[in-house]
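Listed here are the chains, written in short residue letters.
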Amino acid sequence: MQPKAKRAIHICLVGGLSHVDSFDPKPALTKMHGKSLQTDEQVDLFFGQMGLLRRQDWEFKPRGESGLLISEMFPHIAELADDLTILRSMESKSANHTPALFLANSGFEFNGFPSMGSWISYGMGMENETLPAYVVLNDERGAPNTGASTWSSSFLPSNHQGVVLRGGDQPVRDLFPAQDLSTADTATRDFIDAVNRAHADRNPQDAALMARVKAYELAAKMQTSIPAVSRFSDESLTTQQAYGIHEKQTADMGRRCLLGRRLLEQGVRFVQLFSGGPIAGSPRASWDAHENVKENHTVEAGRIDKPIAALLRDLKQRGMLDDTLVLFTTEFGRTPFAQSAANQVGPGRDHNRYGFSCWMAGAGLKPGIAVGSTDELGWKAVERPIPWHDFHATVLHLFGIDHEKLTFYHNGIQRRLTNVHGDVVREVLA
């Protein structure tokens, strides 16, 4: 297969989407609602409460010509089922948010390793010298608890670090000086540039210095490029309405999805959008539906469903979906049984690392299909389990990168995104 992906936009759901309520229909759950899960093994849960089995809270329907079953939780995304490649057998090593989110983004359960976006930036290079190769757009309610470590370049050169953009007149913190320096500013930059280059000539192998020089050069160019790309005045009212940027519920994600498309158009390699902020709080600002799945997921899905569907349609209409990879992930799923006392059917679900769903769309993928499956209750992946290393290997493959060959020597080890694991999920390839 010829590689098709040139860029990617990654929607990362923080907290744990319930797959059995969204992309993984389980009729057996309806039949066994109120019964206990029969197992002798010690189940890896976060809060340790294993209640009775609980049916889904949303109706599943066949969608499009493909007939993919997707629930009413995402009615707008469901309309685009024929463009989706659903992975129904994802699995994680951890049922704890922080290590699970690290694993989903970097291939390791702890910080100190480059994120997928940084690896793609490193492997593919920059298309636009006036914008970062990797941009992060956080939820307006805050960044995930893992913070900047989630989009870190770690031991890769620092110019592959994710750059956080925000809303407002200054999308990048300290993008402009507090006071106008005019001519003096130009002279200062020229002097610093001369000193840095003289030092670089004396130390040609100093990668950290060169990365710092490139970072300062990029920062100067972003003073022009960022305000231009972040203004929506040249977008039609129809486009703005499609993304829902003027509606209270969808405004945040709508703006970020539209900005993401504009960044991709300008040559940014990897755009990452987080759905959900810090874990915990009341009400929760993430997908962590311990107390009540119906209430929590109705709010969270309502924030992102329309904007993501608009993004997919927009990319497709512009011919960009052919070489753009859209990723929709969550660090783990939620249990088919309630998070409650053993003899109760509570309204919430605990973390489930054994099996869950993500989806992909776009460049090089076989659309309108579901790959892999969980057991009849949606508890564990049983057909073609897909650990994160396989997911990452597949993403790199779609970019034309061999995951075993994209390496960086660090502390005596040739490090890579997939560590010492990873098989491409060939079932998803067109």
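What comes next is a walk through the structure. The structure displayed is predicted, hence computed values, not measured ones.

**Here's the deal with unusual backbone geometry**
For the bond from S282 to P283, the omega torsion is 0°, close enough to zero to count as cis. If you trace the backbone, P283 turns up in the loop between β7 (270-275) and α9 (293-317). Positioned with a positive phi, N411 is a non-glycine residue whose angle comes to about 50°. In this fold, N411 is placed in the loop between β16 (408-410) and β17 (413-415). With a relative accessible area of 68%, N411 lands in the exposed category.

**A few points about the environment of E295**
Structurally, E295 can be placed in helix α9. Between the C-alpha atom of E295 and that of N159, which follows or precedes it by 136 residues, the distance is 41 Å.

**Regarding the packing of aromatic side chains**
Enumeration over the complete set of coordinates arrives at 19 aromatic pairs. Residues F108 and F110 carry aromatic rings whose centres are separated by 6.4 Å and whose planes lie at 55° to one another, so their mutual orientation is tilted. Taking the centre distance of 6.1 Å and the plane angle of 70° together, the rings of W119 and Y122 count as edge-to-face. With W119 and Y122 both in helix α4 (residues 116-124), this residue pair falls 3 residues apart, about one helical turn. Exposure remark for W119: the relative accessible area of 1% places this residue in the buried category. Each member of the aromatic cluster is reached from another via a ring pair, and the members are F108, F110, F113, W119, Y122, F155 and F408. The ring of W58 has K294 sitting right over it, with the charged end atom 4.4 Å from the ring centre. In this arrangement the basic side chain of K380 is found over the ring face of W379, its NZ or CZ atom lying 4.6 Å from the centre.

**Comments concerning the pattern of salt bridges**
In total, this model carries 30 salt bridges according to the counting rule given. One salt bridge in this structure joins D139 and R141, with 3.0 Å as the shortest N-O distance. The exposure class of D139 is buried, given its relative accessible area of 5%. Where R303 meets E140, a salt bridge forms, and the shortest distance between an N and an O atom there is 3.5 Å. Of this pair, R303 sits in helix α9 while E140 sits in the loop between β5 (134-137) and β6 (163-165); the two residues are 163 residues apart in sequence, bridging distant segments of the chain. Relative accessible area serves as the criterion here: at 51%, E140 is assigned to the exposed category. Salt bridges here are not isolated pairs; linked through shared partners, they connect D139, E140, R141, D252, R256, E300 and R303.

**Points about the environment of Q339**
Summarising the element assignment, Q339 is placed in the loop between β9 (333-338) and β10 (349-352). Overall, the relative accessible area of 13% leaves Q339 in the buried class. A C-alpha to C-alpha distance of 33 Å links Q339 and G422, two positions 83 residues apart in sequence. Every residue in contact with Q339, bar those within four places of it in the chain, is listed here: F47, Q49, H290, G348, R349 and D350. At 2.5 Å, the side chain of Q339 and the side chain of H290 are in polar contact.

**Some thoughts on the side chain of S153**
Relative to the helices and strands, S153 resides in the loop between β5 and β6. Residue S153 is classed as buried on the basis of its relative accessible area, which comes to 2%. Apart from the residues within four sequence positions on either side, S153 is in contact with P114, S118, S158, H160 and Q161.

**A closer look at the packing of helix α8 (residues 251-265) against α9**
One way to put it is that α8 packs onto α9 with a least axis distance of 8 Å and a crossing angle of 20°. Comparing the axis directions of α8 and α9 gives the class roughly parallel. Remark: the crossing between α8 and α9 carries right-handed chirality. Together, D252, M253, G254, C257, L258 and R261 of α8 and R303, I304, P307, I308, L311, D314 and L315 of α9 make up the contact between the two elements. Taken together, the residues of the contact of α8 with α9 break down into 8 nonpolar, 1 polar and 4 charged.

**Regarding the pairing of β7**
For β7, a buried count of 6 out of 6 residues is recorded, marking the element as mostly surrounded by other parts of the structure. Burial along β7 is two-sided: F270, Q272 and F274 and V271, L273 and S275, pointing in opposite directions, are all buried. As judged from the 4 bridges shared by β5 and β7, these two strands associate in the parallel manner. Looking at β7, one finds that L137 is bridged to L273.

Quick notes on the rules
Residues numbered from 1 in each chain as written. Predicted model: local features only at pLDDT ≥ 70, side-chain atom pairs only at ≥ 80, totals over all residues. Heavy atoms only, no water. Helix = DSSP H or I, 4+ residues; strand = E, 2+ residues; numbered from the N terminus. Buried < 20%, exposed > 50% of the residue type's maximum accessible area, 1.4 Å probe, protein only. Phe/Tyr/Trp six-rings, centres within 6.5 Å; stacked < 30°, edge-to-face > 60°. Lys NZ or Arg CZ within 6 Å of the ring centre and 35° of its normal. Salt bridge = Lys/Arg side-chain N within 4 Å of Asp/Glu carboxyl O. Contact = heavy atoms within 4.5 Å. Polar contact = N/O pair within 3.5 Å; in protein donor to acceptor, adjacent residues only side chain to side chain. Axes fitted to C-alpha atoms, helices over the stretch in contact; angles between N-to-C directions. Parallel < 35°, antiparallel > 145°, perpendicular 65-115°, else oblique. Left-handed = near helix turned anticlockwise from the far one by under 90°. Nonpolar A, V, L, I, M, F, W, Y, C, P; charged D, E, K, R; others polar. Pairing = 2+ DSSP bridges.

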